[in-house]
Amino acid sequence: MTDLSDIKFFLGIKVDCENDKITLDQTAYINTVLKNFNTYECNPVSTPLPSKLDYVALNSNDKCEAPCRNFIGCLMYIMICTRPDLSIAVNILSRYTNKKNKELWQYLKRVLRYLKGSSKIKLSYVRGNYNDIISGYVDSDWGGHDENDRKSTTGYSFQLFERCTICWSTKRQASVAASSTEAEYMALFEAVREALWLKSLASSINLDISKPIIIYEDNNGCISIANNPSNHKKSKHIVAAQSQVADVLTKPLPAPKFIQFRIRMGLE
């Protein structure tokens, strides 16, 4: 074995360690993607997608010659490794890769413009005091984004030591929910399953989690259940809607709220 000293790069991810902070970023890879798609000089925007999308145009069969699939593949790698803020954009746009139309390419170019302005953002892990080893946020967007589909979207994010985002997910639900409460419970199921896996993983590396894993929820139906003693086993911790970090994983948001939640996820 050879000691190559502290890690600096791993699969295109730059790793910086200083004092009580570790940061991960893919600035070099993002710049390469921008150059490959001839958008390195584009004008930056503050969010990956506008808060309202034209789903009728996205469903158009009017195809264009654009490398949509290649670019979505690049976005997926960036999102999976260090950029949860791209999660909802990748999830929505990847649904329309078979359409390959002008509207899809226009939205993809907007994501490129967002990457141009945020290429230096780093996923940060900072040492500090904490009460919970693992905690999570979960949310759903009832009714979905596409009126032709109406399937809701589940989004969850888990943090280690209350400040280090370690996993995130945006996923369309398998069935259509009849109410927002039903959509939230379906999302909670996915989050709880992930929490159980994380607890098992933590135990394997000698992190003893004796307390229940807190999962923050903002749905009124869940609040009613939490306030009903007869259903206490189904209750979850409640968080105000304006503090629901997972909201950024379920729908495109206006810039102020998007940036607020991006920072809360440790993207600086």
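Only a predicted model underlies this, so the values are computations on that prediction, with no experimental measurement involved. (Residues numbered from 1 in each chain as written. Predicted model: local features only at pLDDT ≥ 70, side-chain atom pairs only at ≥ 80, totals over all residues. Heavy atoms only, no water.)

## What to know about the overall build of the protein
Link 1 in the chain: If you tally the helices and strands in the protein, you get eight helices and nine strands.
Link 2 in the chain: Radius of gyration (C-alpha) of the protein: 20 Å, near the 18 Å computed for a compact globule of 268 residues.
Link 3 in the chain: Considered along the principal axes of its C-alpha atoms, the protein spans approximately 60 × 55 × 35 Å.
Link 4 in the chain: With 268 residues in all, the protein has 47% of them scored as buried. (Helix = DSSP H or I, 4+ residues; strand = E, 2+ residues; numbered from the N terminus. Rg over C-alpha atoms; globule rule 2.2 N^0.38 Å. Buried < 20%, exposed > 50% of the residue type's maximum accessible area, 1.4 Å probe, protein only.)

## Looking at the packing of helix α3 (residues 68-81) against helix α4 (residues 87-94)
Link 1 in the chain: Two numbers describe how α3 lies on α4: the axes approach to 10 Å, and their chain directions differ by 150°. In terms of axis orientation, α3 runs roughly antiparallel to α4. Crossing of α3 over α4 shows left-handed handedness. Contacts between α3 and α4 involve I72, L75, M76 and M79 on the former and, on the latter, S87, V90, L93 and S94. (Axes fitted to C-alpha atoms, helices over the stretch in contact; angles between N-to-C directions. Parallel < 35°, antiparallel > 145°, perpendicular 65-115°, else oblique. Left-handed = near helix turned anticlockwise from the far one by under 90°. Contact = heavy atoms within 4.5 Å.)

## Observations regarding the environment of S51
Link 1 in the chain: Checked against the element boundaries, S51 lands in the loop between α1 (27-36) and α2 (55-58).
Link 2 in the chain: We classify S51 as partly exposed; its relative accessible area is 46%.
Link 3 in the chain: As a C-alpha pair, S51 and S203 span 152 residues in sequence and 40 Å in three-dimensional space.

## A short note on the pattern of salt bridges
Link 1 in the chain: Following the criterion strictly, the structure yields nine salt bridges and no others.
Link 2 in the chain: With a closest N to O distance of 3.9 Å, D139 and K251 form a salt bridge. Within this pair, whereas D139 is found in strand β5 (residues 134-141), its partner K251 is found in the loop between β9 (237-238) and α8 (255-264), the two being separated by 112 residues in sequence.
Link 3 in the chain: Accessibility expressed as a relative area gives 3% for D139, which makes it buried.
Link 4 in the chain: The class for K251 is partly exposed, based on a relative accessible area of 21%.
Link 5 in the chain: Through salt bridges with shared partners, a single ionic network connects K14, D16 and K122. (Salt bridge = Lys/Arg side-chain N within 4 Å of Asp/Glu carboxyl O.)

## Notes on helix α5 (residues 102-118)
Link 1 in the chain: Along its 17 residues, α5 runs 24 Å from first to last C-alpha, staying within 8% of the 24 Å computed at 1.5 Å per residue.
Link 2 in the chain: Three or more residues of α5 are buried, namely L104, W105, Y107, L108, V111, L112, Y114, L115 and S118. End-on view of α5: buried residues confined to an arc of 165°, all on one side of the axis. Pointing more than 90 degrees away from the buried face of α5 are the exposed residues K102 and G117.
Link 3 in the chain: For α5, the side-chain oxygen to backbone nitrogen distance between the N-cap and E103 is 3.3 Å, and the N-cap itself is N101. (Expected span 1.5 Å × (residues − 1). Arc of directions from axis to C-beta. Polar contact = N/O pair within 3.5 Å; in protein donor to acceptor, adjacent residues only side chain to side chain.)

## Points about the sheet that holds strand β3 (residues 21-25)
Link 1 in the chain: The four strands lie next to each other as β1-β2-β3-β4, forming an open sheet whose pairing is antiparallel. At either margin of the open sheet sits one strand with a lone partner, and together these are β1 (9-10) and β4 (123-126). (Pairing = 2+ DSSP bridges.)

## As for α1
Link 1 in the chain: Of all the positions in α1, only T27, I30, N31, V33 and L34 are classed as buried. Across the axial projection of α1, the buried residues extend over an arc of 160°, all falling on one side. Opposite the packed face of α1, turned more than 90 degrees from it, sit the exposed residues K35 and N36.
Link 2 in the chain: Where the residues of α1 are buried, they touch β3, α3 and α5.
Link 3 in the chain: Directly after α1, the chain includes N38, whose backbone phi takes a positive value near 55°.

## A few points about the side chain of D141
Link 1 in the chain: Along the chain, D141 falls in strand β5.
Link 2 in the chain: Buried within the structure, D141 lacks any salt-bridge partner; its nearest side chain of opposite charge belongs to K251, at an N-O separation of 4.3 Å.
Link 3 in the chain: Apart from the residues lying within four places of it in its own chain, the contact partners of D141 are S152, T153, T250 and K251. (Lys, Arg positive; Asp, Glu negative; His and termini not counted.)

## Brief notes about the confidence of the model for the protein
Link 1 in the chain: With 91% of its residues at a pLDDT of at least 70, the protein reaches an overall mean of 86.
Link 2 in the chain: The model gives residues 231-236 a pLDDT under 50, and that stretch makes nine contacts with residues more than four places away or in other chains. (pLDDT = per-residue confidence, 0-100.)

## Focus on the environment of L188
Link 1 in the chain: Relative to the assigned elements, L188 resides in helix α6 (residues 180-204).
Link 2 in the chain: For L188, a relative accessible area of 4% translates into the label buried.
Link 3 in the chain: When the C-alpha positions of L188 and T165 are compared, they lie 18 Å apart, and in sequence the two are 23 residues distant.

## Focus: a nonpolar patch on the surface
Link 1 in the chain: There is a patch of nonpolar side chains on the surface, built from I7, F10 and L11 and spanning about 330 Å² of accessible area.
Link 2 in the chain: The residue I7 is located in the segment before β1 in this model. (Patch = residues over 30% accessible without salt bridge, like charges linked within 9 Å, V, L, I, M, F, W, Y side chains within 5 Å. Areas by Shrake-Rupley, 256 points an atom, 1.4 Å probe, with all protein chains shown as cover.)

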